[in-house]
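The residues making up each chain are set out below.
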Amino acid sequence: MTSSSRLPAPAPDQHITVLLHEAVAACLTDPAGIYIDGTFGRGGHSRLLLSQLAPEGRLLGIDKDPRALAAAQQLAEEDARFSCQQGSFAQLPEYLAARGWSAGVQGILVDLGVSSPQIDDPERGFSFMQDGPLDMRMDTTQGESAADWLAQASEAEIADVLFHYGEERHARRMARALLKARAEAPITRTLALAEIIKAANPSWEKHKHPATRAFQGIRIHINRELDDLKHLLAQAMSCLAPGGRLAVISFHSLEDRLVKRFMRDAARGDAHLPAHVPFRHTELRPELRLIGKATKPSSEEIALNPRARSAVLRVAEKLPLLTD
């Protein structure tokens with residue numbers, strides 16, 4: 001077992017973990033507890049959590065990506081307190097039941113979005129700056145690739161994905177351009193897609209590649225990212241033990257809005273009671289307590305890792321069930 005007083009060496013391809021110390025400090029309340037790293041990546045958060053867990057503490061790492069799972073399996077061989085699971089954090093209740101942890105865990109930490117190893121490897125198809133196959137799947141063993149989806153999606157469907165998931169205001173124009181291009185040749189490479197989007201974008205944002213929003217929208221759709229997040233939030237209360245904490249790092253407004261609203265509503269309590277009737281806060285039966293304000297990376301962290309600039313950490317704690 002790895003000593004809990006020393007941080008293990010990182011995996012060779014580990015990316016720079018965003019809000020590493022802030023997220024772990026906010027999530028970990030009981031060193032002897034059970035914790036979930038719902039987005040293992042290359043194990044930055046998991047390794048720091050393990051360095052602070054007691055010998056009886058336990059940590060489960062989850063990731064869709066087979067390459068991330070390989071790094072997680074290596075960590076599991078190094079430290080008996082750690083186990084790993086390939087899949088989505090949306091299936092967390094199933095994973096907890098299989099391990100006999102259905103009574104609840106002390107902390108759930110998720111770091112949303114795409115990791116640096118995924119972006120930096122052109123073969124994964126996430127980057128509009130490097131040429132590679134247009135894949136974009138986090139789990140490359142199943143599901144439809146971005147190229148497969150673009151080959152058969154309707155103009156309306158493509159426009160909806162770019163608009164709703166990419167927040168791209170030129171979505172319809174881009175969708176028309178994509179259908180015109182695919183009629184001439186299949187769109188199977190990342191740079192080919194980026195060039196089509198670039199040419200169809202009439203107003204480029206300063207310091208942002210014109211295909212940024214479109215790539216984001218397609219990636220979110222292919223990986224069901226917002227659907228998975230909604231499932232996690234809907235199930236979070238049943239997965240946490242009283243006093244357990246949910247810590248979520250978001251990287252764009254679509255994710256952060258979902259997290260912010262969920263935590264705010266759960267902290268307010270029963271929204272169906274008449275607004276004009278005075279109630280004590282405890283009578284509203286709130287399920288969560290907000291822990292501090294939203295945390296953003298420091299200027300020093302952003303200087304070290306520019307990809308951290310849009311990150312937002314929100315944390316909430318499950319309240320004990322109130323009885324009459």
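For the structure itself, consult the block above.
Report follows, based on the coordinates. (Residues numbered from 1 in each chain as written. Predicted model: local features only at pLDDT ≥ 70, side-chain atom pairs only at ≥ 80, totals over all residues. Heavy atoms only, no water.)

Things to note about the environment of Ser116
Part 1: Mapping Ser116 onto the fold places it in helix α5 (residues 116-120).
Part 2: Taking the C-alpha atoms as reference points, Ser116 and Ile16, 100 residues apart in sequence, are found 7.8 Å from one another.
Part 3: Here Arg307 takes part through its side chain, which lies 3.0 Å from a polar atom of the side chain of Ser116. (Helix = DSSP H or I, 4+ residues; strand = E, 2+ residues; numbered from the N terminus. Polar contact = N/O pair within 3.5 Å; in protein donor to acceptor, adjacent residues only side chain to side chain.)

With respect to unusual backbone geometry
Note: most residues except glycine have negative phi, and most peptide bonds are trans.
Part 1: Of note, the phi angle at Leu19 is positive, near 50°, even though the residue is not glycine.
Part 2: Positionally, Leu19 belongs in the segment before α1 (20-27).
Part 3: The backbone phi angle of Arg224 is positive, close to 55°, even though this residue is not glycine.
Part 4: Looking at the secondary structure, you find Arg224 in the loop between α10 (212-223) and α11 (225-239).

Describing the environment of Leu319
Part 1: Checked against the element boundaries, Leu319 lands in the segment after β7 (312-318).
Part 2: Along the backbone, Leu319 and Leu240 are 79 residues apart, and their C-alpha atoms lie at a distance of 9.8 Å.
Part 3: Ignoring anything within four residues of it in the chain, the contact list for Leu319 reads Pro286, Glu287, Leu288 and Arg289. (Contact = heavy atoms within 4.5 Å.)

Quick word on the pairing of strand β1 (residues 34-37)
Part 1: Of the two faces of β1, the one carrying Ile34 and Ile36 and the one carrying Tyr35 and Asp37 are both buried.
Part 2: Across four bridges, β1 lies against strand β2 (residues 58-63) in parallel orientation. For Ile34, the partnering residue across the bridge sits in β2 and is Arg58.
Part 3: Note on the crossover from β1 through helix α2 (residues 44-52) to β2: the handedness is right-handed.
Part 4: Summarising the sheet, β1 and strand β4 (residues 105-111) pair through three bridges and their orientation is parallel. Its bridge partner lying in β4, Tyr35 is registered against Gly107. (Buried < 20%, exposed > 50% of the residue type's maximum accessible area, 1.4 Å probe, protein only. Pairing = 2+ DSSP bridges. Right-handed = clockwise from strand over helix to strand, strands pointing away.)

What to know about the sheet that holds strand β6 (residues 288-290)
Part 1: Within the open sheet, the seven strands sit side by side as β3-β2-β1-β4-β5-β7-β6. Their pairing is mixed. Each having just a single partner strand, β3 (82-86) and β6 make up the two edges of the open sheet. Averaged over neighbouring strand pairs, the angle between their axes works out to 20° when direction is ignored.
Part 2: The sheet contacts of helix α3 (residues 66-78) involve β2 and β3, and relative to β3 the element is tilted by about 160°.
Part 3: Most of the contacts of α11 go to strand β5 (residues 240-250), to which it runs at about 155°, and overall it touches β4, β5, β6 and β7. (Axes fitted to C-alpha atoms, helices over the stretch in contact; angles between N-to-C directions.)

A few points about helix α9 (residues 190-200)
Part 1: Turning to α9, its buried residues are Thr190, Leu193, Ala194, Ile196, Ile197 and Ala200. Down the axis, α9 shows its buried residues gathered within 160° of arc, on one side only.
Part 2: Residues of α9 that are buried sit in contact with α6 (146-152), α8 (171-184) and α10. (Arc of directions from axis to C-beta.)

Side note on the side chain of Ser51
Part 1: Counting through the fold element by element, Ser51 comes out in helix α2.
Part 2: Engagement of the side chain of Ser51 in a polar contact is seen with the backbone oxygen of Leu48, the distance being 2.7 Å.

A look at the packing of α1 against α2
Part 1: Following both chains from N to C, one finds α1 and α2 inclined at 50°, their axes separated by 10 Å at the closest point. As summarised for this structure, α1 and α2 are arranged oblique, according to the angle between their axes. For α1 against α2, the interelement crossing comes out right-handed. Contacts between α1 and α2 involve Leu20, His21, Ala23 and Val24 on the former and, on the latter, Gly44, His45, Leu48, Leu49 and Gln52.
Part 2: Considered class by class, the residues forming the contact of α1 with α2 number five nonpolar, four polar and no charged. (Parallel < 35°, antiparallel > 145°, perpendicular 65-115°, else oblique. Left-handed = near helix turned anticlockwise from the far one by under 90°. Nonpolar A, V, L, I, M, F, W, Y, C, P; charged D, E, K, R; others polar.)

A closer look at the pairing of β7
Part 1: Along β7, seven of the seven residues are buried, which leaves the element largely enclosed by surrounding structure.
Part 2: Covered by surrounding structure in β7 are Val312, Arg314, Ala316 and Lys318 together with Leu313, Val315 and Glu317, the residues of both alternating faces.
Part 3: Pairing of β5 with β7, which is carried by six bridges, proceeds in the antiparallel orientation. When the bridges of β7 are listed, Ser250 appears paired with Val312.
Part 4: Bridge count for β6 against β7 is three bridges, and the pairing is antiparallel. Bridge pairing links Arg289 to Glu317 in β7.

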